[in-house]
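Spelled out, the chains give:
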Amino acid sequence: MQKISCTLLALFGFISLSAQAADNISGQFASQFNVAQTLAADYLQEAKKSDKHAALSAEAGRAFYTKKVVMDGKELSCSACHTDNPANEGKHNETGKPIKPVAISANPEAFSDIKKVEKNFAKHCRELYGKDCSAQDKGNYLTYLLSVK
Ligand code: HEC
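Residues numbered from 1 in each chain as written. Predicted model: local features only at pLDDT ≥ 70, side-chain atom pairs only at ≥ 80, totals over all residues.

Regarding its fold elements, the protein chain presents six helices and four strands. Walking the protein chain from its N terminus toward its C terminus, one meets helices and strands in the order α-α-α-β-β-α-β-β-α-α. Evaluated residue by residue, the protein chain yields a buried proportion of 21% over its 149 residues. Pairs at least 24 apart in sequence give 54% of the contacts found in the protein chain among residues at least 6 apart. (Helix = DSSP H or I, 4+ residues; strand = E, 2+ residues; numbered from the N terminus. Buried ≥ 20, exposed ≤ 12 C-beta atoms within 10 Å, placed from the backbone. Contact = placed C-beta atoms within 7 Å.)

Right, let's talk about the packing of helix α3 (residues 58–66) against helix α6 (residues 135–147) for a bit. Relative orientation of the contacting elements α3 and α6 amounts to 105°, with a least axis distance of 7 Å. The angle between the axes of α3 and α6 places the two elements in the roughly perpendicular class. Of the residues in α6, those in contact with A58, A60, G61, R62, F64 and Y65 of α3 are D137, N140, Y141, T143, Y144 and S147. Of the residues contributing to the contact of α3 with α6, the split by class is six nonpolar, four polar and two charged. (Axes fitted to C-alpha atoms, helices over the stretch in contact; angles between N-to-C directions. Parallel < 35°, antiparallel > 145°, perpendicular 65-115°, else oblique. Nonpolar A, V, L, I, M, F, W, Y, C, P; charged D, E, K, R; others polar.)

With that out of the way, let us pick up the nonpolar core. Formed by 19 residues in total, the largest nonpolar core has its most connected members in A36, I104, Y141, L142 and L145. Going through the elements one at a time, α2 (32–50), α3 and α6 are the ones with two or more residues in this core. Residues contacting A36, with those up to four places away along its chain left out, are I104, F111, L142 and L146. (Core = buried A, V, L, I, M, F, W, Y, C linked by C-beta atoms within 7 Å.)

The first and last C-alpha atoms of helix α5 (residues 114–129) sit 22 Å apart over 16 residues, in line with the 22 Å expected at 1.5 Å per residue. Residue G130 follows α5 closely and has a positive phi angle near 75°. (Expected span 1.5 Å × (residues − 1).)

Turning our eyes to something else, we now look at α6. Along its 13 residues, α6 runs 18 Å from first to last C-alpha, staying within 8% of the 18 Å computed at 1.5 Å per residue. Among the 13 residues that make up α6, 11 are buried, leaving the element largely enclosed by the rest of the structure. Within α6, the full set of buried residues consists of A135, Q136, D137, K138, G139, N140, Y141, L142, T143, Y144 and L145. Those residues of α6 that are buried lie in contact with α2, α3 and α5.

Time to look at the confidence of the model for the protein chain. Looking at the protein chain as a whole, the pLDDT averages 83, with 80% of positions reaching at least 70. Of all the helices and strands in the protein chain, helix α1 (residues 2–26) carries the lowest mean pLDDT, 47, while α3 carries the highest, 98. Ignoring residues within four places in sequence, the model shows residues 8–29, a span with pLDDT below 50, making eight contacts including any to other chains. (pLDDT = per-residue confidence, 0-100.)

Glancing now at the site of the ligand. Near the ligand, the surroundings consist of 20 residues, among which C78, C81, A110, N120 and H124 are the closest. When contributions to the shell around the ligand are tallied by element, the ones reaching two or more residues are α4 (78–82) and α5. (Near = placed C-beta within 6 Å.)

Not every positive phi belongs to a glycine, and T83 is a case in point at roughly 65°. One non-glycine residue, F111, lies in positive phi territory at about 55°. Locating F111 in the fold gives a position in the loop between β4 (98–99) and α5. F111 sits in the buried class, given 25 other C-beta atoms within 10 Å.

Quick look at the packing of α2 against α6 now. It is the contact of α2 with α6, at a shortest axis distance of 8 Å, that shows an interaxial angle of 150°. Taken together, the axes of α2 and α6 lie roughly antiparallel to each other. The handedness of the crossing between α2 and α6 comes out as left-handed. Each of A36, Q37, L39, A40, Y43, L44, E46 and A47 in α2 lies in contact with α6, whose residues at this interface are A135, Q136, K138, G139, L142, T143 and L146. (Left-handed = near helix turned anticlockwise from the far one by under 90°.)

Printed below as a string of structure tokens:
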């Protein structure tokens, strides 16, 4: 019995260690460029489920980034807070608080943490569209941000 619990303990130890390692991979130690590219590839796979010819486009991502929508009587776009040039520091449209650039080339922390990216996508897409954005839109957006020098 004791042997079994030892094995179990060792097993749990191993599992939590690997979970930690996985967290680090998606966290601060990841190469942000890889994270962004991996995410974009995941979004493309997801988009292909509804359209097998789906492809990602930086141009479509740029259009999505600057597209103006009216939400609760206010005109809003991603660029309203992230500015027309994603390599620039953004500014919250209401609070005026500075936002770090979202362009991967301009901000060493941008897109380095998958969980944070997903959370922000969900939050800001809901602010503009009342729902999360499609995998196609997110993939295009990332492709655009990856292309910004
Ligand atoms: C009302 C202002 C505002 C608007 C509009 C907005 N954002 Fe954001 N966004 C922010 C802020 C503030 C942050 C930084 C959050 C943080 O650092 O925790 C951010 C961060 C992000 C991030 C995280 C980037 C990273 O490095 O992890 C993503 C992705 C994102 N926004 C996507 C979008 C998309 C897509 C749109 C348009 C559909 C959009 N945002 C519109 C304010 C906004």
